[in-house]
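Each chain, letter by letter, is given below.
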Amino acid sequence: MSTSHIRDRVFFFDFSEDADLTAAINKEHLDICGLRFPASFEGTAVTFLESDAEGGTYNAVWWEGALWTLVVAADKTVLFDPAKLSGLTWLKLTCAPAVAADRTVTPVFRNFLV
């Protein structure tokens with residue numbers, strides 16, 4: 001199964017636009033089960049925002065009654081249960097503290113056997 005269609009689906013923090021919010025990615029029909037953080041990443045926590053449309057209103061993702069926050073670190077891969085994002089289509093990431101330059105965070109997609 002080719003994965004070339006997902007290679008361009010990365011979360012990009014554009015420092016010149018918004019240092020703590022990425023552009024949206026469409027994860028429809030894909031399960032994200034983790035995030036890979038570059039060695040240059042300064043943030044220590046990220047949260048997800050979701051919407052049903054790219055230009056729609058983005059809401060924070062909550063899980064079991066609390067804002068779902070991932071503790072992260074530079075040069076690490078953080079894995080999680082893909083059920084937490086199941087059914088969501090458009091996603092953005094926020095980070096704290098804000099990044100000091102452009103950064104790319106790469107989603108880890110779960111493989112499906114067909």
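Residues numbered from 1 in each chain as written. Predicted model: local features only at pLDDT ≥ 70, side-chain atom pairs only at ≥ 80, totals over all residues. Heavy atoms only, no water.

## A word on the packing of aromatic side chains
All told, the structure shown has 5 aromatic pairs when counted by the stated rule. Ring centres 5.0 Å apart and planes at 85° place the aromatic pair Trp68 and Phe80 in the edge-to-face group. Here Phe80 lies in the loop between strand 9 (77–79) and strand 10 (90–96) and Trp68 lies in the loop between strand 7 (66–67) and strand 8 (69–71), a separation of 12 residues in the sequence. Against the face of Tyr58 rests Lys92, its NZ or CZ located 4.3 Å from the ring centre. (Phe/Tyr/Trp six-rings, centres within 6.5 Å; stacked < 30°, edge-to-face > 60°. Helix = DSSP H or I, 4+ residues; strand = E, 2+ residues; numbered from the N terminus. Lys NZ or Arg CZ within 6 Å of the ring centre and 35° of its normal.)

## Concerning the confidence of the model for the chain
Regions with low pLDDT should not have their predicted coordinates read in detail. Here the chain averages 87 in pLDDT, while 89% of its residues score no lower than 70. Model confidence for the chain, summarised as mean pLDDT per element, is weakest for strand 1 (residues 11–13) at 81 and strongest for strand 5 (residues 59–60) at 97. Within the model, pLDDT remains below 50 along residues 1–5, and this stretch shows 2 contacts once partners closer than five positions in the same chain are excluded. (pLDDT = per-residue confidence, 0-100. Contact = heavy atoms within 4.5 Å.)

## Points about the nonpolar core
Counting 25 residues, the largest nonpolar core has Phe11, Leu35, Phe41, Val46, Phe48 and Leu70 as the members making the most contacts within it. When contributions to this core are tallied by element, the ones reaching two or more residues are strand 1, strand 3 (32–36), strand 4 (45–51), strand 10 and strand 11 (103–109). Counting residues per element, this core draws most heavily on strand 10, at 3 residues. Every residue in contact with Val46, bar those within four places of it in the chain, is listed here: Leu35, Phe37, Phe41, Trp68, Thr69, Leu70, Val72, Leu93, Thr94 and Cys95. (Core = buried A, V, L, I, M, F, W, Y, C linked by side-chain atoms within 4.5 Å. Buried < 20%, exposed > 50% of the residue type's maximum accessible area, 1.4 Å probe, protein only.)

## Points about the sheet that holds strand 1
Here we have 4 strands laid out as an open sheet, ordered 1-11-3-9, and antiparallel in their pairing. Whereas interior strands pair on both sides, the edge strands pair on one side only; in this sheet they are strand 1 and strand 9. Each neighbouring strand pair of the sheet contributes to a mean axis angle of 20°, computed without reference to strand direction. The pairing of strand 3 with strand 11 spans 4 bridges and is classified as antiparallel. Residue pairing in the sheet places Ile32 in a bridge with Phe109 of strand 11. (Pairing = 2+ DSSP bridges. Axes fitted to C-alpha atoms, helices over the stretch in contact; angles between N-to-C directions.)

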